[in-house]
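Inside the fold
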Amino acid sequence: MRHRRGLAILIAAALGLAAPAAFAQSLAPAPAISAREAADQKIVMAVLASGSLQAMVPHIAELRDVLEHAPASYPRIEQRGDLVIIRDEDVPATANLALLLGAAAQRRSLTVRREFNTYGNAAMLLASIANEGNLPQAALTITEHWLKLQPDNPKLVNEKIAALEIMHRPVEALSAADQWLTTVKIAADADRARMLRAKGYALTELKRLDEAEAAYQDSLKLQPGHQGALNELIYIARQKQGQAPTSSVMTTSDKAVTGAYQTPQPPPPKP
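In this report, the structure presented in the accompanying data block is examined. Remember, it's a predicted structure, so these values are computed and weren't measured experimentally.

Applying the stated criterion across every chain, the model contains 15 salt bridges. Between D152 and R76 there is a salt bridge, and its shortest N-O distance comes to 3.0 Å. Taken as a pair, D152 in the loop between α8 (136-146) and α9 (154-166) and R76 in the loop between α5 (60-68) and β1 (77-80) lie far apart in primary sequence, 76 residues in all. By relative accessible area, R76 is classed as buried at 1%. With its nearest N and O atoms 3.3 Å apart, the salt bridge here joins K221 to D218. Separated by three residues within a single helix, K221 and D218 lie in helix α12 (residues 209-222), roughly one turn from each other. A relative accessible area of 65% places K221 in the exposed class.

Here it is as structure tokens:
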């Protein structure tokens, strides 16, 4: 668990929500993940640490093997009685505190455990490699399958949207972004900003420029100075001035600061 024990107790006491003992219990060590998942986690973390999508391509078979071990139920945020498991490395530690305070308000203890999102990240990597290799249908097949396990996973949704954009299906891309933005309550600012950029890109493709501009501006409130969003705002401004459209840069997946795609070799996996 990553939240600060002293801060949690002080806030709870200040709000009169619960005795410190309840929070002390909530911070008790949680049981480890299974040996199978630990081995899979090691593989996925090693692939992530390889440094680039090109370097990840040789590990495609390993990632596919990892996904063969995925359990039938593996939510991004899961509650088991008084235990809440958060499988999202980007969700800030303040989410732990919010969950604890909510439980304290109901006079019950709660344990929050943070876990590496082993199978969600493996699926995201395969979809990302497919998108980078200009195989959007493969990426779409991967994301739609694994979103059944984690429908609120922002990285999987983002790769699905990227695939739809490559296939010039902005209406579906916009729908996916809007659904995530309106239904997911616990997420990192960076993920929410990324989804707003995905929304902005789809709206731009649909020529709904005022709405697209608003989406990018909202994203910049969460991630000030993001170059991809700033580039798209310049593109929208030129469109509004009646200038001939130029090739815009796809920025939703944020593979680079500019959002530029780099095609890895050899080709990515089949669906």
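Core analysis: the largest hydrophobic core is formed by 54 residues, its most contacted members being W146 and I161. Per-element accounting of this core gives the leading share, nine residues, to helix α7 (residues 118-132). Ignoring sequence-local partners within four residues, the contact set of I161 consists of A173, A176, A177, M195 and A198. Counting five residues, the second largest nonpolar core, distinct from the first, contains V84, I86, L110 and V112.

Strand order across the open sheet formed by three strands is β1-β2-β3, with mixed pairing between neighbours. One side of each edge strand has no neighbouring strand; the edge strands of this open sheet are β1 and β3 (111-114). With direction set aside, neighbouring strand axes in the sheet form an average angle of 20°. Of the pairings in the sheet, the one linking β1 to strand β2 (residues 83-86) comprises four bridges and is antiparallel in character. When the sheet's bridge partners are listed, Q79 is paired in β2 with V84.

Cut-offs used in this document
- Residues numbered from 1 in each chain as written.
- Predicted model: local features only at pLDDT ≥ 70, side-chain atom pairs only at ≥ 80, totals over all residues.
- Heavy atoms only, no water.
- Salt bridge = Lys/Arg side-chain N within 4 Å of Asp/Glu carboxyl O.
- Helix = DSSP H or I, 4+ residues; strand = E, 2+ residues; numbered from the N terminus.
- Buried < 20%, exposed > 50% of the residue type's maximum accessible area, 1.4 Å probe, protein only.
- Core = buried A, V, L, I, M, F, W, Y, C linked by side-chain atoms within 4.5 Å.
- Contact = heavy atoms within 4.5 Å.
- Pairing = 2+ DSSP bridges.
- Axes fitted to C-alpha atoms, helices over the stretch in contact; angles between N-to-C directions.

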